[in-house]
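# Structural overview for review
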Amino acid sequence: MAASFAKFKETFVFNFIEGARWKYITNGLLVTLEVTFFSLLLGIAIGVVVAMIRSSYDQMKDELRPGLGSTLLKLLNEISRLYLTVIRGTPVVVQLLIGYFVIFVSSTNTVFVASMVFGINSGAYITEIIRGGIMSIDQGQFEAGRSIGLTYIQTMRYIIIPQAFKNVLPSLANEFIALLKETAVCGYIGLMDLTKGGDVIRGRTFTAYMPLLAVALIYLILVIFFSWLVGKLERRLRSSER
Amino acid sequence: MSAEPILSVRGLQKHFNAGAVHALNGVNVDIARSEVLVVIGPSGSGKSTFLRCLNLLERPTAGSVIFEGTDLTAPRVNINLCRRRIGMVFQHFNLFPHMTVLGNLTLGPIRLLGKTPAEAEKKAMQLLERVGLADRSDAYPSQLSGGQKQRIAIVRALCMEPDVMLFDEPTSALDPEMVGEVLDVMKELAREGMTMVVVTHEMGFAREVADRVIFMDEGLIVEEGTPWEIFENPQSERLQSFLAKVL
Ligand SMILES: Nc1ncnc2c1ncn2[C@@H]1O[C@H](COP(=O)(O)OP(=O)(O)OP(=O)(O)O)[C@@H](O)[C@H]1O
Ligand SMILES: [Mg+2]
């Protein structure tokens, strides 16, 4: 017992303390959180815009009079649908490689590239979340807004989106948790995230189990912590239901 | 009443589901300034559709709606500008649940009429005072009774200083004991000279307040006249049988 503990301690020191190798883990963790956070922000921005295009088109397609506005909306709608199909139809690792080696070739900032790719990727899923949120709002809310003279955009901005957003907040938080895990493939473009950090230690120390299990444990703790926060958030939202 | 009607409806038709449902089949009516027009008729006769065509919440299939000299169905009409002057009150209130009462009342004036929040709140508080709800200005809609919600909804429309008010069964979703407080507010509005188009099943209200009553059936105006003509001296068989059911 004492012997195996001593062995564990030795391995631990070798893997994390010597050469300050723990920094691979902490720095990697920061990068992971950074990429996840920026991706979510970008994803929400894209999601709101694309969801508005998709649902305004669905709502107005029968009413639209031919003209520049309707042509533009039709075009935007087609672009949005293409975006959703392509993003959801291809693996995120492939998108990451294409982002790094094809689209953002001139950028050396891998955090930026990864955030863009994951933001654009999660934007597609967040679009569907927000679209569901918009559709869950009673049509009467929309009519009340329009009846006082608000434009379509104003009605969305002041009345529909705030309510929809509150409804989808838990789903967005879950998207954050999913992203946290998905970004583990960032090592493909040489980004030193949490996973890659653990892998680098493994390469240096040739003891695989310790750094990799540590990485897994950190992900697990983060996910459990954020899930707990989401649960709290959901209860708060439900109790403040107005 | 001035000669020029505030609202003039000509040959109004509305079809749904690619023509499968004919909700309106050519409605003609003029509404004078300060007139209270009550619309009655059986379920599915097109009353709501008629009302919703007046502010283009439904786009008419054919015909025209001329509001203060502007044909709302014409291309390039800025419908949002016109809607500011056409208030609407819904059966289910449709208050904005994420805003306080004051937030509901000042959204339009601040965003559309360019009022400062202070100006908008002052006006809102004056109107709240008049419907007896000044003390609920910070409440959220979920904290109000049905009758209170509907009075707030009326005030929300009034805050835009409309020239005409449309009501679609404003008391139908209320518990019976709350109907009176909403009708009282509407009666007062009528007394002050507001132009009103009211779809309702409250025949008492129609008799007392209406200047004119129209009876709709199957998307057409079957009969129109003063409350006395409609209720005491109905001509058509359809109106007679309708009244026999509801009175
Ligand atoms: N959005 C819609 N899509 C399809 N059909 C509709 C729609 N709105 C109304 N209708 C149909 O049009 C007809 C008239 O409906 P409307 O709601 O105007 O009647 P109403 O007189 O207001 O009835 P009620 O007293 O029940 O409110 C009905 O046959 C109804 O089913
Ligand atoms: Mg109706």
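Scroll up to find the structure.
The structure contained in this document is the topic of the report that follows. Each residue is numbered by its place in its chain's sequence as written, counting from 1. Whichever chain is written first becomes A and whichever ligand is written first becomes 1, with later ones labelled in order. Totals for whole chains, interfaces and linings use every residue, but because this is a predicted model, local features are given only for residues with pLDDT of at least 70 and side-chain atom pairs only at 80 or more, for both listing and counting. Side-chain numbers come from the whole structure's heavy atoms, not from hydrogens or water.

### Here's the deal with the side chain of S147 of chain A
Using the following cut-off: Numbering goes from the N terminus for both helices and strands, where a helix is a DSSP run of H or I of at least four residues and a strand is a run of E of at least two. Relative accessibility under 20% of the residue-type maximum defines a buried residue, over 50% an exposed one, and the middle range a partly exposed one, all with a 1.4 Å probe and only protein chains included. Throughout, a contact is declared for two residues whenever any of their heavy atoms are within 4.5 Å.
Note that S147 of chain A resides in helix α6 (residues 139-147). Given a relative accessible area of 2%, S147 of chain A falls into the buried group. Excluding residues that lie within four positions of it along the chain, S147 of chain A makes contacts with N55, R83, I86, M88 and F90 of chain B.

### A look at a nonpolar patch on the surface
All names here are of chain A. Threshold: Like charges within 9 Å and nonpolar side chains (Val, Leu, Ile, Met, Phe, Trp, Tyr) within 5 Å are joined into patches, using only residues over 30% in relative accessible area that form no salt bridge. All accessibility values rest on the Shrake-Rupley procedure with a 1.4 Å probe; residue burial counts only the protein chains present in the view. Salt bridge, as applied in this entry: a Lys or Arg side-chain nitrogen positioned within 4 Å of an Asp or Glu carboxyl oxygen.
Taken together, the side chains of F5, F8, F12, V13, I17, W22, Y209 and L213 present a nonpolar region at the surface, about 800 Å² in accessible area. The set of elements that each furnish at least two residues to the nonpolar patch consists of α1 (2-17) and α9 (209-239). A per-element tally of the nonpolar patch places α1 first, with five residues. Structurally, the position occupied by F12 is in helix α1. Taking the relative accessible area as the measure of exposure, F12 reaches 34% and is therefore partly exposed.

### Overview of the sheet that holds strand β7 (residues 164-168) of chain B
Strand pairing within a sheet occurs via backbone hydrogen bonds; the two strands may be parallel or antiparallel. Residues and elements named next belong to chain B. Inclusion rule: Two strands form a pair only when DSSP identifies at least two bridges running between them. Fitting a line to C-alpha atoms yields each axis, with helices limited to the stretch in contact; the angle taken between N-to-C directions then spans 0 to 180 degrees.
With mixed pairing, the six strands of this open sheet are ordered in space as β6-β7-β8-β3-β9-β10. What marks the edges here is a single partner per strand, and that holds for β6 (86-89) and β10 (220-225). Sheet twist, expressed as the average angle between the axes of neighbouring strands with direction ignored, equals 20 degrees. Pairing geometry for strand β3 (residues 36-40) and strand β8 (residues 195-199), over four bridges, is parallel.

### What about the interface of chain A and chain B?
What counts is decided by this rule: Buried surface area refers to the total accessible area, computed with a probe of radius 1.4 Å, that the two partners give up upon joining, counted for both partners together. Between N or O atoms, a polar contact is any pair within 3.5 Å; within protein, one atom must be a potential hydrogen donor and the other a potential acceptor, and residues adjacent in sequence are included only when both atoms are from side chains.
In this assembly, 20 residues from chain A lie in contact with 29 residues from chain B. Counting each side, the surface lost to burial between chain A and chain B is near 2200 Å², with a carbon and sulfur contribution of 55%. Ionic pairing is found between E143 of chain A and R52 of chain B, a salt bridge with its closest N-O pair at 2.8 Å. On the surface where chain A and chain B come into contact, there are seven residue pairs in polar contact (both at pLDDT 80 or more). Ranked by residues supplied to the side of chain A that touches chain B, first place goes to α6 of chain A with seven residues.

### Details of the site of ligand 1
All names here are of chain B. Quick note on the threshold: We call a residue near a given molecule or strand whenever any one of its heavy atoms falls within 4 Å of it. Under the convention adopted here, Pro, Cys and the residues Ala, Val, Leu, Ile, Met, Phe, Trp and Tyr are nonpolar, Asp, Glu, Lys and Arg are charged, and Gly plus all remaining residues are polar.
In the region of ligand 1, 13 residues are neighbours, and S43, G44, K47, S48 and T49 sit closest. One of the side-chain N or O atoms of S48 is found 2.7 Å from an oxygen atom in ligand 1. Note that an oxygen atom of ligand 1 is positioned 2.5 Å from one of the side-chain N or O atoms of T49. Protein chains bury 62% of the 640 Å² of accessible surface belonging to ligand 1 in isolation. Secondary structure elements with two or more residues in the shell around ligand 1: β2 (21-31) and α1 (47-54). Residue contributions to the shell around ligand 1 peak at three residues, all from α1. Taken together, the residues of the shell around ligand 1 break down into four nonpolar, seven polar and two charged.

### Observations concerning the nonpolar core
Nonpolar side chains in soluble globular proteins tend to be buried together. Short version of the rule: Throughout this description, the term nonpolar core refers to a set of buried Ala, Val, Leu, Ile, Met, Phe, Trp, Tyr and Cys residues connected via side-chain atoms within 4.5 Å.
Ranked by internal contacts, the top residues of the largest apolar core, which has 81 residues, are F50, L54, L72 and V197 of chain B. Considering each element in turn, this core owes the most residues, 14 residues, to helix α7 (residues 152-182) of chain A. Residue contacts for F50 of chain B: discarding those within four places in its chain leaves V9, L12, L24, V27, V29, V39, V197, I214 and M216 of chain B. Core analysis: the next-biggest nonpolar cluster, separate from the first, contains 50 residues, F93, A124, M165 and L239 of chain B among them.

### Some details on unusual backbone geometry
Despite not being glycine, F206 of chain A has its phi angle at roughly 55 degrees, a positive value. Looking at the element boundaries, F206 of chain A is found in the loop between α8 (194-205) and α9. Residues other than glycine seldom take positive phi values, yet L56 of chain B does so here, at roughly 60 degrees. Of note, L56 of chain B is situated in the loop between α1 and β4 (62-67).

### Looking at the pairing of strand β9 (residues 212-217) of chain B
Residue and element names in this part refer to chain B. Summarising burial for β9: six of the six residues are buried, a large majority. Side chains R212, I214 and M216 of β9 all project onto a buried face; the interleaved residues V213, F215 and D217 project onto the opposite face, where all are buried too. As paired strands, β3 and β9 are joined by four bridges and run parallel to one another. Across the sheet, residue V38 finds its bridge partner in β9, namely V213. Hairpin connection of β9 to β10: two residues between the antiparallel strands, including E218 at a positive phi of 50 degrees.

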